[in-house]
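If you want the building blocks of each chain, they are given just below.
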Number of protein chains: 2
Amino acid sequence: MAPPSPGIDRRALISSLVALPALSGTLIPLPAPAQLAPPGSVLTSWNDGPAKQAIVDFVRATTDRSSPGYVAPEQRIAVFDQDGTLWVEHPMYTQVVYCLERVPAVVEKKPELRNVEPFKTVLSGNREAIAKVPMRDLEKILAATLTGMSVDEFKAEASKWLETARDPRWKRPYTELAYQPMIEMLRYLRDNGYRTYIVTGGGQDFVRVYAEKVYGIPPEQVVGTAGGTKYGYEKDGKPFLTKEPKLILNDNNAGKPEGIHLMIGRRPYAAVGNSTGDRQMLEYTKAGNGQRLAMLVLHDDATREYAYGPAEGLPDSKVGTFPPALYGEAKKNGWTVISMKNDWKRIFAFE
Amino acid sequence: MAPPSPGIDRRALISSLVALPALSGTLIPLPAPAQLAPPGSVLTSWNDGPAKQAIVDFVRATTDRSSPGYVAPEQRIAVFDQDGTLWVEHPMYTQVVYCLERVPAVVEKKPELRNVEPFKTVLSGNREAIAKVPMRDLEKILAATLTGMSVDEFKAEASKWLETARDPRWKRPYTELAYQPMIEMLRYLRDNGYRTYIVTGGGQDFVRVYAEKVYGIPPEQVVGTAGGTKYGYEKDGKPFLTKEPKLILNDNNAGKPEGIHLMIGRRPYAAVGNSTGDRQMLEYTKAGNGQRLAMLVLHDDATREYAYGPAEGLPDSKVGTFPPALYGEAKKNGWTVISMKNDWKRIFAFE
């Protein structure tokens, strides 16, 4: 999906801000915990159905040496969008929460920002007002909280925040809001020789902080919206890299296949997304020869997670990042739609 | 080293152009073929000495679980410059030869360029005149021959050229001019759990065309000077990427550690280079904690390959990409210098 980059979809961001529940938001009753998967088994959080079948069929067709669709191990690349595909994106991208919550620390270091917009409004905590901050000003927040420090400092700050911050609905660390069926799909693909990549509109450095721990995906397999860095030296001569407010890759929409070419250099065999920001990545993957898997996660489970996009029953003009038209394109192009409600036996590991 | 990007070192390029031997250049007598290595052995093309010892000691220190310098497998990253480190760069970068030799095909498609500079001069074949073409004009050659086609077309063209083009001195495909000791070092590191990356000032897409075949390094492990691509659709709706004349990463000098952060996101444990363009990459690698290996290939073998840089005995102002000052920095910083003459039993696999 299309989080905190200068290329961010304004409507999605703003609607996220408005919709953010208060920190004291009511806990929605969770279903009883599902039985734990027996060791060594895979895809146990998936119900039998067309989505699970599509995954199993794809793996069989591309890894069985006797299959006409056999793919050599070094070619086995699978790419996954992050927000909304691998973990919860609603009502606000985790990274945007991070940036807003970093503002007090930024202002403490630079007190001259306290009465300057948009910092003043963010400090006020008035969410209605924050939602009205113009896009150009929101970018100032992103720049102030994501750049200007060394890559090591950023990593330390983001790690610390991820350990302590809690999602308001589930009262759990954001890193526990990864979808268990997707974690199983990643593992299943890796067990079958696929290298799994994240291809996210989110900040590459931010996602790298947790991707290894949460998904088993190492930093070098995270492709995301990326800013430049600047090489320099500390007083003692030790070199370091500073994060710069210069956009190198806007990894959304057409930027996703462009980023895949830049960072991977091969066309993936499988791609999973959940929004218009993933459309080109899915098209590009599916357009390759042989057997290819393209999947779209549909958020249609208002009880266990959220229902939005086509599940809202609204016209395209009223729907953000997964308009009904994309649903139509999925059907037309042979993409498999994953219904969270019907295809997933459980959503989170903690259930 | 610093090949065909807009950031190319002009002096190096021009001196390369002037020094290029005529296609009928005399063959320098080669030493008798070395004995073939017994299967399964490694580093057999290295003489015993400090360079070989440094490699063996580094691998032992970082992979022996009982060593204080033990490095977890997922952290084992080794980066290699390409031109002049993994294969011959003298007297001209292979990619520059490619670009110059592509000019007739470009002009055939766009006849209006025939009498336009710098295409006119390149078509004349007059090397003295080509060497005088201004840098800005040379960039037009690079743009015309490396961009404006789909990534698949580029790959097909470059592959075809690499199959048929011959180095004027050895009369062999350029892909055979890889240094056998470095191929063994790559293999030795991989056998010990390291992932080997190329980090080149050369064009990322160009190096990707041959890196897997020549070095066993897959496209996703080639970091290089990279241009943008543009996503679009063919008439039948099939999506494709076009190579654009827009620089995303100038992977030279400070651009090397910056590129490593962008594409890998981890500080390497080992780095090998051969020129000033590799200085920051070597510094950055060596500045990490624990055991790190930084090496510089010294071209001091005028008989079997070439002698240039410090081997020329010239002042810094007269030497191109490996000035004596870099040699001094290597000694000061604990980088290991690899003497081609003394450390390498044989240089090429075909010897």
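Up top is the structure.
All of these numbers come straight from a predicted model, not from anything done at the bench. (Residues numbered from 1 in each chain as written. Chains lettered and ligands numbered in written order. Predicted model: local features only at pLDDT ≥ 70, side-chain atom pairs only at ≥ 80, totals over all residues. Heavy atoms only, no water.)

### As for the overall build of chain A
- In terms of helices and strands, chain A carries 13 helices and seven strands.
- By element, 52% of the accessible surface of chain A is carried by carbon and sulfur atoms, the whole surface being about 14400 Å². (Helix = DSSP H or I, 4+ residues; strand = E, 2+ residues; numbered from the N terminus. Areas by Shrake-Rupley, 256 points an atom, 1.4 Å probe, with all protein chains shown as cover.)

### Here we look at the relation of the copies chain B and chain A
- Mapping chain B onto chain A leaves a residual RMSD of 0.0 Å; the transformation is a rotation of 180° accompanied by 0.0 Å of translation along its axis. Expressed as a symmetry operation, the mapping of one chain copy onto the other fits a two-fold axis.
- Looking at the interface residues of chain B, 100% of them are also at the interface in chain A, so both copies use one shared face. (Least-squares fit on C-alpha atoms with pLDDT ≥ 70 in both. Contact = heavy atoms within 4.5 Å.)

### Some remarks on the environment of B:Phe119
Residue and element names in this part refer to chain B.
- Tracing the sequence through the fold places Phe-119 in helix α4 (residues 119–124).
- The exposure class assigned to Phe-119 is buried, which follows from its relative accessible area of 5%.
- Sequence-wise, Phe-119 and Val-106 are 13 residues apart; in three dimensions their C-alpha atoms are separated by 9.3 Å.
- In this structure Phe-119 touches Val-103, Val-107, Leu-113, Lys-140, Ile-141 and Ala-144, once residues within four positions along its chain are discounted. (Buried < 20%, exposed > 50% of the residue type's maximum accessible area, 1.4 Å probe, protein only.)

### Concerning the sheet that holds strand β1 (residues 77–80) of chain B
- Judged by pairing direction, the sheet is mixed, and its seven strands sit side by side in the order β4-β3-β2-β1-β5-β6-β7 (chain B) without closing on themselves. Edge positions in the sheet fall to β4 (239–249) and β7 (336–339) of chain B, since each has one partner strand and no second. Shown here is a sheet whose adjacent strand axes are inclined to one another by a mean of 35°, direction ignored.
- One ladder, built from seven bridges, connects strand β3 (residues 222–233) of chain B with β4(B); its direction is antiparallel. Opposite B:Tyr231, over in β4(B), you have B:Leu241 as the bridge partner.
- Contacts from helix α11 (residues 279–286) of chain A reach β3 and β4 of chain B, with the element oriented near 95° to β3(B). (Pairing = 2+ DSSP bridges. Axes fitted to C-alpha atoms, helices over the stretch in contact; angles between N-to-C directions.)

### Observations regarding the packing of aromatic side chains
- For the coordinates displayed, the defined rule picks out 30 aromatic pairs over all chains.
- Their ring planes at 15° and their centres at 5.4 Å tell us that A:Trp161 and A:Tyr174 sit as a pair that is stacked. Here A:Tyr174 lies in the loop between α7 (151–164) and α8 (180–191) and A:Trp161 lies in helix α7, a separation of 13 residues in the sequence.
- Judged by centre distance (6.0 Å) and plane angle (80°), the ring pair of A:Phe206 and A:Tyr210 falls under edge-to-face. Placement of both A:Phe206 and A:Tyr210 in helix α9 (residues 204–215) is noted, with a separation of four residues, approximately one turn of the helix.
- The class of A:Tyr210 is buried, set by a relative accessible area of 3%.
- Ring pairing ties together the aromatic residues A:Trp46, A:Trp170, A:Tyr179, A:Tyr306, A:Trp344, A:Phe348 and A:Phe350, which thus form one cluster.
- Over the ring of A:Tyr306 we find A:Arg169, and its NZ or CZ is 4.8 Å from the ring centre.
- For the cation-ring pair, B:Arg267 lies above B:Tyr284, with the distance from its terminal atom to the ring centre recorded as 4.3 Å. (Phe/Tyr/Trp six-rings, centres within 6.5 Å; stacked < 30°, edge-to-face > 60°. Lys NZ or Arg CZ within 6 Å of the ring centre and 35° of its normal.)

### Focus: the sheet that holds strand β2 (residues 195–203) of chain A
Residue and element names in this part refer to chain A.
- The seven strands are arranged β4-β3-β2-β1-β5-β6-β7 in an open sheet whose pairing can be described as mixed. Where the open sheet ends on each side, the last strands, each with one partner, are β4 (239–249) and β7 (336–339). On average, each strand axis in the sheet is inclined to that of its neighbour by 35°, with strand direction left out of account.
- The pairing of strand β6 (residues 293–298) with β7 spans four bridges and is classified as parallel. Paired with Val-297 across the two strands is Ile-338, which belongs to β7.
- Along the sheet, α9 makes contact with β2, β3 (222–233) and β4, crossing β2 at roughly 145°.
- Those strands touched by helix α10 (residues 255–263) are β1 (77–80), β2, β3 and β4, and its axis lies near 130° from that of β2.

### Looking at helix α10 (residues 255–263) of chain B
Residues and elements named next belong to chain B.
- Counting buried residues along α10, nine of its nine residues qualify, which places the element largely inside the surrounding structure.
- Buried within α10 are the following residues: Gly-255, Lys-256, Pro-257, Glu-258, Gly-259, Ile-260, His-261, Leu-262 and Met-263.
- Note on α10: the residue one or two positions beyond its end, Gly-265, has a positive phi of about 80°.

### A short note on the interface of chain B and chain A
- Each partner contributes to the interface: chain B provides 37 residues, whereas chain A provides 37 residues.
- At the boundary of chain B with chain A, total buried surface from both sides reaches about 3000 Å², with 53% on carbon and sulfur atoms.
- If you look at where chain B meets chain A, you find six salt bridges.
- With a shortest N-O distance of 2.9 Å, A:Glu220 and B:Arg266 are connected by a salt bridge.
- Going through the elements one at a time, α7 (151–164), β2 (195–203), α9 (204–215), β3, β4, α10 and α11 (279–286) of chain B are the ones with two or more residues in the side of chain B that touches chain A. (Buried area = accessible area lost by both parts, 1.4 Å probe. Salt bridge = Lys/Arg side-chain N within 4 Å of Asp/Glu carboxyl O.)

### Some details on helix α6 (residues 135–146) of chain A
Residue and element names in this part refer to chain A.
- In a regular helix each residue adds 1.5 Å, so twelve residues correspond to 16 Å; α6 covers 16 Å between its end C-alpha atoms and thus fits that length.
- When α6 is considered as a whole, its buried residues turn out to be Met-135, Asp-137, Leu-138, Ile-141, Leu-142, Thr-145 and Leu-146. In a view along the axis of α6, the buried residues occupy a sector of 165°, so they form one face of it.
- Gly-148 sits one or two positions beyond α6 and adopts a positive phi of about 90°. (Expected span 1.5 Å × (residues − 1). Arc of directions from axis to C-beta.)

### Digging into the environment of A:Lys243
All names here are of chain A.
- Summarising the element assignment, Lys-243 is placed in strand β4.
- Accessibility expressed as a relative area gives 12% for Lys-243, which makes it buried.
- Spatially, the C-alpha atom of Lys-243 lies 9.6 Å from that of Ala-143, the residues being 100 residues apart in sequence.
- With residues up to four places along the chain from it excluded, the contact list for Lys-243 reads Leu-146, Thr-147, Gly-148, Met-149, Val-151, Phe-154, Asp-205, Gly-228 and Thr-229.

### Here we look at the packing of helix α3 (residues 94–109) of chain A against α7(A)
Residue and element names in this part refer to chain A.
- Their axes nearest at 11 Å, the elements α3 and α7 cross at an angle of 105°. Classified by the angle their axes make, α3 and α7 are roughly perpendicular. Two secondary-structure elements touch here, α3 through Thr-94, Val-97, Tyr-98, Glu-101 and Arg-102 and α7 through Phe-154, Glu-157, Ala-158 and Trp-161.
- Grouping the amino acids of the contact of α3 with α7 by side-chain chemistry returns five nonpolar, one polar and three charged. (Parallel < 35°, antiparallel > 145°, perpendicular 65-115°, else oblique. Nonpolar A, V, L, I, M, F, W, Y, C, P; charged D, E, K, R; others polar.)

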